[in-house]
Amino acid sequence: EGMQQAGAQVEKINLRDKRIKPCIGCFTCWSKTPGQCLHDDDMHRELFPLWQAADMVVYATPLYHHTVNALMKTFLERTLPAIEPFLIPGTGRWSHPLRYRLPGVVALSVAGFPSDTAFEALSNYMHYLCGDKIQLVAEIYRNGSEFLTKPFCRDRMLDVLEATRQAGRELVQNRAVAADTRQRIQQPLLDQPEEMARLAYLAWKSMMASGMTPEVFEKRGLVPKPRTMEDFMLLMRLGFDPDVAGGLEAVLQFEFTGAVEGVCYLSIRNGAITALPGAAERPDLVVRSPFDTWVAIQSGDTDGAQAFMD
C-alpha cells in the first residue's frame, strides 16, 4: 500500500498459486540454452520475466526453519539463469557474474518468537544471496507476529502497520527505510516478552488437549486455559477488549477454591484493565467459584448460564 501511495506500480504474486518446478541442477540454462531454463512452467513463462524486469523485488516469507519457506526457496533457486557459470573473485568470496541487471531486494518476514534474534540466519542468507552485485535495499522483520491480531496489541499493531506502509513509501522515494520507521515496525508488542512466551505455552497446551489446530481453535472462539492464579490474571488482562467493555468501570473480585485457591481482582477504568492479586477494598462484584468450574466456563467447555444455575 505504501509503495503504491508513493507512485510505484506494484504486482503482488502468491507463489502458492503458481506452478514452479524445482531446479534439478542440470545446468541447461548455463550451457545448452544460456539464460533459459528447460522447465516450461509459470516460473519460466511468467515469473522470471517479471522478476528480471522489476526495479525492486520484495521477498515476503514467514520464517520457516530460520530462513525462507520452501516455496520461496524453490523460486530463488530457479533464478539461476540470471547468472553466468564463470567463477570470479570478489570481496572475501567467489561468485558468478550476472547475465544482466537484477532488481534490488527487500526481505520481509514475520516470526512467532518474541525476539529479533530469530531472524539472524535469514538475514545472513539474504546478505550472502545478494553479495556485492545485488543491492539488499532493506530488511523488514517483525517478531511476535502471532499476537498482532490480538485486542491487547491493537494500538501497537496499528502503529506497526502504518510504519510498514511508511517503509513502502520510503523504499520508493529514497530506496531505503529510515531508522525510526524500522524501530516503529519492530517495537515490542508486550512490555514483558516472558508474558508472550507464557501465553504461547498456555495456548499450545490448550490446543494439544483439545486436538485442534490454531485455525480451528480461533474459529471456534476458544481461549487458552489458565493453570495458575497468575495465568488467570494474565489471560484476563490480555484478553480485555475495550470496545466490548464500552464505558464499563468496575472492580471484579474472584475468590477461587479447589485445584487453585486464592483471591484476585480486576480493576476496569478508562478503557483499561489492571489485574492484581489479593482482595479489593470495595469490589462491585464478587465471584466465588471452584477454579476448574470457572476455567471450564471461560474456555467454553461448560455452558456458562447452566453452570450459574447449577
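Here is a short report on the structure shown in this document. In this text the structure is predicted, and so the values were computed from the model without any measurement.

## Digging into the pairing of strand 1 (residues 56-62)
Sheet faces and side chains relate simply in a regular strand, where the side chains alternate between the two faces. Alternating positions in strand 1 separate cleanly, Val 57, Tyr 59 and Thr 61 being buried on one face and Met 56, Val 58, Ala 60 and Pro 62 remaining unburied on the opposite face. Relative to strand 4 (residues 104-110), strand 1 is paired through seven bridges, and the arrangement is parallel. The partner of Pro 62 across the bridge, within strand 4, is Val 110.

## Examining the sheet that holds strand 6 (residues 250-257)
If you walk across this open sheet you meet the four strands as 8-7-6-9, and the pairing is mixed. A strand with exactly one partner marks an edge of an open sheet, and here the two such strands are strand 8 (272-277) and strand 9 (285-290). When the angles between neighbouring strand axes are averaged without regard to direction, this sheet yields 20 degrees. Direction of pairing for strand 6 relative to strand 9: parallel, over a ladder of six bridges. Its bridge partner lying in strand 9, Thr 257 is registered against Pro 290. Strands in contact with helix 11 (residues 291-299) are strand 6 and strand 9; relative to strand 9, the strand with the most contacts, it is inclined by about 105 degrees.

## A look at the environment of Gly 221
You can see Gly 221 is positioned in the loop between helix 8 (214-219) and helix 9 (229-238). For Gly 221 and Asp 243, which are 22 residues apart along the polypeptide, the C-alpha to C-alpha distance reads 17 Å.

## Quick notes on the pattern of salt bridges
Tallied over the entire structure, the rule returns 21 salt bridges. One salt bridge in this structure joins Arg 45 and Asp 42, with 3.4 Å as the shortest N-O distance. Note that Arg 45 and Asp 42 are positioned in helix 2 (residues 42-53) at a spacing of three residues, about one turn of the helix. The class for Arg 45 is partly exposed, based on a relative accessible area of 48%. Looking at Asp 42, the relative accessible area reads 18%, which means it is buried. Between Lys 225 and Asp 301 there is a salt bridge, and its shortest N-O distance comes to 2.4 Å. Residue Lys 225 is located in the loop between helix 8 and helix 9, and its partner Asp 301 is located in the loop between helix 11 and helix 12 (304-309); the two are separated by 76 residues in the primary sequence. Relative accessible area serves as the criterion here: at 34%, Lys 225 is assigned to the partly exposed category. Shared partners join several salt bridges into a network, and the residues in it are Glu 1, Glu 162, Arg 165 and Arg 169.

Conventions adopted
Residues numbered from 1 in each chain as written. Predicted model: local features only at pLDDT ≥ 70, side-chain atom pairs only at ≥ 80, totals over all residues. Heavy atoms only, no water. Buried < 20%, exposed > 50% of the residue type's maximum accessible area, 1.4 Å probe, protein only. Helix = DSSP H or I, 4+ residues; strand = E, 2+ residues; numbered from the N terminus. Pairing = 2+ DSSP bridges. Axes fitted to C-alpha atoms, helices over the stretch in contact; angles between N-to-C directions. Contact = heavy atoms within 4.5 Å. Salt bridge = Lys/Arg side-chain N within 4 Å of Asp/Glu carboxyl O.

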